[in-house]
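Per-entry structural report
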Amino acid sequence: MAGGQPEREDKVSLELTDEILQSMEVGMTFRDYNGRISSMDFHKSSNYLVTAGDDESIRLYDVANATCLKTINSKKYGVDLVSFTSHPLTVIYSSKNGWDESLRLLSLHDNKYLRYFKGHHDRVVSLSLCPRKEYFISGSLDRTVLLWDQRADKCQGLLRVQGRPAAAYDDQGLVFAIAFGGCVRMFDARKYEKGPFDIFSVGGDMSDANVVKFSTDGKLMLLTTSDGHIHILDSFRGTLLSTYNVKPVSSNSTLEASFSPEGMYVISGSGDGSVYAWSVRSGKEVASWMSSQAEPPVIKWAPGSLMFVTGSSELSFWIPDLSKLSAYVGRK
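Bear in mind that the values here come from a model prediction, so they are computed numbers and not experimental data. (Residues numbered from 1 in each chain as written. Predicted model: local features only at pLDDT ≥ 70, side-chain atom pairs only at ≥ 80, totals over all residues. Heavy atoms only, no water.)

Some remarks on the overall build of the chain
When helices and strands are tallied, the chain shows two helices and 28 strands. In terms of overall dimensions, the chain is globule-like: its C-alpha atoms have a radius of gyration of 19 Å, near the 20 Å expected for 332 residues. If one aligns the C-alpha atoms of the chain with their principal axes, the spans along those axes are about 60 × 45 × 35 Å. Counting only residues that meet the buried cut, the chain has 55% of its 332 residues in that class. A fraction of 44% describes how many contacts in the chain between residues 6 or more apart in sequence connect residues 24 or more apart. Total accessible area on the chain stands at roughly 14900 Å², and carbon and sulfur atoms take up 49% of it. (Helix = DSSP H or I, 4+ residues; strand = E, 2+ residues; numbered from the N terminus. Rg over C-alpha atoms; globule rule 2.2 N^0.38 Å. Buried < 20%, exposed > 50% of the residue type's maximum accessible area, 1.4 Å probe, protein only. Contact = heavy atoms within 4.5 Å. Areas by Shrake-Rupley, 256 points an atom, 1.4 Å probe, with all protein chains shown as cover.)

With respect to the UniProt feature "repeat: WD" (unreviewed entry) in the chain
Listed under "repeat: WD" (unreviewed entry) in the UniProt record, and renumbered for this structure, are residues 30-71, 117-149 and 258-288. Secondary structure content for residues 30-71 is 0% helix and 57% strand, while the C-alpha to C-alpha distance between its ends is 13 Å. For residues 117-149, the helix share is 0%, the strand share is 58%, and the end-to-end C-alpha distance is 9 Å. (UniProt positions renumbered as here; feature names shortened; annotations may be inferred.)

Quick notes on the side chain of Ser107
By the secondary structure assignment, Ser107 is in strand S8 (residues 103-107). One polar contact links the side chain of Ser107 to the main-chain amide nitrogen of His109, over a distance of 3.3 Å. Apart from the residues within four sequence positions on either side, Ser107 is in contact with Leu89, Lys112 and Leu114. (Polar contact = N/O pair within 3.5 Å; in protein donor to acceptor, adjacent residues only side chain to side chain.)

As for the side chain of Ser46
Note that Ser46 resides in the loop between strand S2 (37-42) and strand S3 (48-53). Note on Ser46: relative accessible area 17%, which makes it buried. A polar side-chain atom of Ser46 sits 3.1 Å from a polar atom in the side chain of His43.

Focus: the state of the cysteines
This structure, assessed with the given rule, holds zero disulfides. Here Cys155 stays unpaired: no disulfide links it, and the sulfur of Cys130, its closest cysteine neighbor, is 16 Å away. (Disulfide = S-S within 2.5 Å.)

Next comes the structure, spelled out in structure tokens:
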């Protein structure tokens, strides 16, 4: 079939359950990194995955064929966080060299810088692109969150924070959340200068915010913190629904977690390198996979797919082992 579309529909038709999640194991690993993977991102509508590594490389993968399409080195600036724009061959990334905190818009097609975004004075620890327009937000240890338009090199807005910020747009690009200091602040993306329209508390956890994310349908949010807590909130009411606990992470690590595509499960790393999965409905742990790594992996669920990916000193693609599932054993 041209374009490989039917394959994708097939994958989605198998609904994610506790049993399928428990059967998941590494189906493919890339071990050619010289250092840890610091960030990765799936493109929303194509089969591409991009990774950023401590070995100063940006790598583009074709997920459907499990192949690395290209490696681009950023020796001068290093690379820390990376995100796709709406275009599958264009990324924005933050540097990791301690002296230049600019963000860069890079064409992976011909390895050309399209724009530099200068404004931060310390390491960028959060980066989120607006799904609807050409906007994006970045949060830094300089205690600012800057709002950008990809078409302009000067920032369009500045919000001051008290502490390490985690920032994210929802999937519609209508609101964004900024978490720090035990609270999540909700902003209208079109009227952010009016300040937050709501502030949600996460029950006294004052440790550093690491990652904030919305579920695909926008109804839920997760916030991870350096003390090893993953808080699940109702994104409309701000109610704290569950808190999952893993091992704390060091101040230069990031505890990452990810919703499954339909928002019913959360997967997360841990300070001891393990991976955990919880059911949002029951709040209970469903599966865990131990690791010999001593730092939390970066972890992302593939959009609309029964697959997640972890990055540590290697890149691993996790898929269900159907031979373990009673419902599928004996099927032709």
